[in-house]
Each structure stands twice: as structure tokens, then as C-alpha cells.
Amino acid sequence: MKNDFIMVRTDELSRKWQKAVTRLTPIYARGNDIRSEFERDYTRLLHCQAYRRLKHKTQVFFAPHNDHVCTRMEHVGHVASVAETIARHLGLNTDLTRAIAIGHDIGHAPFGHHGEDILNNLLKPKEGANAPKKFWHERNSLFFADYIETLPDPNGHKRTLNLTYAVRDGLVCHCGEIDQQGVKPREEPIDLYEIKQPGLVQPFTWEGCVVKVSDKIAFLGRDLEDALLYHILDYGSYRELREIVAETLGLTKSGSSYSKRSGKAVNTTVLINDMIVDLCENSTPQDGLFFSESYARFITELKKFSFRNIYNHWRLAEFQRYATVIIETIYRMLMRIQPFVQHGTIPFSLSRDYSLGSTFEEWLISYTNYSPKSDPDKKKKLHLETPVVFNVHDNESYEKCIIEFISGMTDTFAIECYNEIITF
């Protein structure tokens, strides 16, 4: 019910507060800032380049040319809307909720979850097929926030985002299955880099838990709309979808917007609204974030439907093959030039005149011990205060450097780089 969670919100009265607002290092003071710590995190994420690139990253449908198809940036906005609505109704901290939501996917690879799988598979051979995931976007969001993304300080020096613990925790812990009932935060803070697999650790705050659930509410609704726009869903599958709504909601929940009208079109915004309302009506601090039995069953069936009819559709599978070729080609190209990089140069075959050559060298200057022969003081001249994260003289570290570089690409930029490589 409304404000049921106000006593467990993350604020100055919470025992978790001091840890929640802790940063890795003290952040500079402006002297005239009127924002809360979490509002400040929100704007730092909003202005970072990884967030901007989300507008050209896949949500479900790859490199969309249709302006009305959901991109990763729109998805993040949808999650923020859903999460803030839930948090405000329950009485939780909306500033913290909004900050986690806006940044939760900054570490996502190009080409959506398939791109994530490609990067993980490139790292797997050393560990074996059944090894834990080496690349997963939730951890990569944390990594980008801590080590990669920068903003200029008042003196013009580019420094990492340096977010609060509660927001960083929300980024790495946002993975989870929406049909998991009774989501509750863990009680104690931990070293976030000790989390080895996605979905195993609950967030530290209730606000992080809300974003975790909202992530799935947002995509389950919007993916249906995009599938209809691309004619992925035919009349048969659409009838199946209406039957799922009728069987799980229309005949069992009198308060549903679909009651007594289940034969009509399935409306995405109504579905999202009803999932939000149902979660708010059934969740308590004692039991956790809960859906009613009918909505839990509906969500499970909707996920099954989406995998059968959308995510495993043959048209998406064809593009996945193309995306695999793109990422693996870029990876092999950059691995080949390691001897040149170790000597402070970018080879002529990857000339600085090309997008790939110039951006990769900028990445090397920013985050590695690479020192360009042509300008050894380039990093200082760029006013970069970023730490050295990768060692170009160590094979494993250099490979990780390439994986992270590729993970930051947009769909369109990855395609452009691939075309540069194969065009003579």
C-alpha cells in the first residue's frame, strides 16, 4: 500500500545511510550545490558518454533504422519511469531509484545480450565451456562507472564518475528474474567486485530491488510493441498472446484493466501499468516485492511467449550471425596489433585516419600504460586523470582491454569499424 516502505527507505534515518552515500574517494565540492548525493550521481551518469551511446545500442532489434523502435537508451528511460513510480508510491527514495535506473545499462555491449554472449565466449576458451561468465553487463556497468567513464572537474581535469556505494551496488545487482517473488535487499555491504556471477546477490537497498524488478516490467511490455511493428508477431502468435492475457488476467483478476475486455487488442502501456499497480498492492517490507498469483503466472507465461515468438525468431538469429562476425573481426584485428602497441605505435593497416585506429589509440592513452612515440605526453595534454587499468605488455590484460573497448561501442560504430577492416 502507499508509503508502506517509508520506514525502510534509504535516507538519513536508515542504518545503511553512511555506507550508502560513501564514495571510493571524496568528491570535489562545488560550494553551491543544491542536489542530494544521489541526485548528483544521477546527473553524473546522465552526462557521461556511455549513457549517450545507449541511443545507438540494441535493446532487442539490432541497429534499428526505424525511429520508433526501442533502443537501449529508451529502455533505460522506461525503467527509470517504472521504478520511480513504484518507489514514490511505496515511500522509497526516488533520487536513489532514478540514479540506479538511469545508469544500470551503461556497461551493455553492442548488439544487446547477443553481443554480451560473443564477448564472453571470446574469453571462455581459457576457462572451458562451463566456466562462470567472464563478461556480464551488470558487472561491466560497475566497471565503467568506476574506471572508464569520466567527467571534467571544475579545473577541467577528466576524472572517473566516483559514484556512491548504493548506486554502484544497484548497477551490479540489477540482474534478476522477474518471476522471483519476495525480492528483498541484503543486510550488509560487501566488496562489489567479489560478486562473481549475475543474479546471485540481492541489492543492498530496497531502491535497488525496485530497479531490478522494474527492468523486467519495462522490457516485457515494450518488446511486444516493437515485435508487432517489425511484423515479428503474426496473427497466430498475436491470438496466442491475447489468450494468455485472458486466461491469466481477464478471468481471474477483477481489478485488471483487461477484465471483461480480454478479446480486445493487447495494449503495452496498460500491461505495464497493471504490473506496476499489482506489485505495489501486494508488496510489503516483511514479505518483499511481490506480484499476485495471477500476475506472477501471467509474467511467467509472457516470458515464455516472448522467447518462443520474439527473442528466438529466425530474423533475429540471422542478424546474430552477422553481429558475431563483426565483433570477432574487430577483436582479431586489435589482437594482431599488440606488438605495435607495445612499441608505442598504431600500424598503418589501422591508420589513425580510420575511426577504429583513432578511437582505439585514444582508449589506450586513457586506460593503459601505452605511450605513443609521436607524443609521449598526450595523456597529460588531454587533462586525463584516469587510472592505468590495463597493461599492454601482458597478454591477458591486453585482451581484457580489447573486450572492454568493444563493449563500449554502439551497434552503428561497430558496423562502421568492421566495414573499415574489410574494405580495401
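Above this text is the structure in question.
Residue positions are counted from 1 within each chain, in the order its sequence is given. At least 70 in pLDDT is required for a residue's local features to be given in this predicted model, at least 80 for side-chain atom pairs to be given and counted, and no such filter applies to totals for whole chains, interfaces and linings, which use all residues. Computation of side-chain values: all heavy atoms of the structure, hydrogens and water removed.

Caption draft 1: Structural view of the packing of aromatic side chains. Pairing of aromatic rings covers Phe, Tyr and Trp, the last through its six-membered ring, and needs centres within 6.5 Å; plane angles under 30 degrees mean stacked, over 60 mean edge-to-face, and all others mean tilted. Scanning the model with the defined rule gives 17 aromatic pairs in all. Seen from their ring centres, Phe143 and Phe390 are 6.1 Å apart, and the 55° between their planes marks the pair as tilted. Of this pair, Phe143 sits in helix H7 (residues 137–148) while Phe390 is found in the loop between helix H16 (378–381) and helix H17 (395–407), placing the two residues 247 residues apart along the sequence. Phe390 shares its class with Phe143; the two are buried. Ring geometry for Phe319 against Tyr322: centres 5.3 Å apart, planes inclined by 85°, an arrangement best described as edge-to-face. Placement of the pair is Phe319 and Tyr322 together in helix H13 (residues 314–336), with a separation of three residues, close to one helical turn. Given the relative accessible area of 32%, Tyr322 is considered partly exposed. Connected via pairs of aromatic rings, a cluster forms that spans Phe144, Phe360, Trp363, Tyr367, Tyr398 and Phe405. Taking the ring centre of Phe204 as reference, the NZ or CZ of Lys16 above it sits at 4.6 Å. Only Lys NZ and Arg CZ are tested; either one counts as a charge over a ring when it is within 6 Å of the ring centre and within 35 degrees of the ring normal. The side chain of Lys19 reaches across the aromatic face of Tyr165, ending 4.6 Å from its centre. Helix numbering and strand numbering both begin at the N terminus, where a helix is a DSSP run of H or I of at least 4 residues and a strand a DSSP run of E of at least 2. For the exposure calls, accessible area comes from a 1.4 Å probe over protein chains only, and a residue counts as buried if that area is under 20% of its type's maximum, exposed if over 50%, partly exposed in between.

Caption draft 2: Looking closely at the side chain of Ser237. Looking at where Ser237 falls in the secondary structure, it is placed in helix H10 (residues 235–250). We call two residues contacting when some pair of their heavy atoms lies within 4.5 Å. Aside from chain neighbours lying at most four places away, what touches Ser237 is Phe305 and Asn309.

Geometric descriptors of this kind do not, in isolation, establish any biological role.
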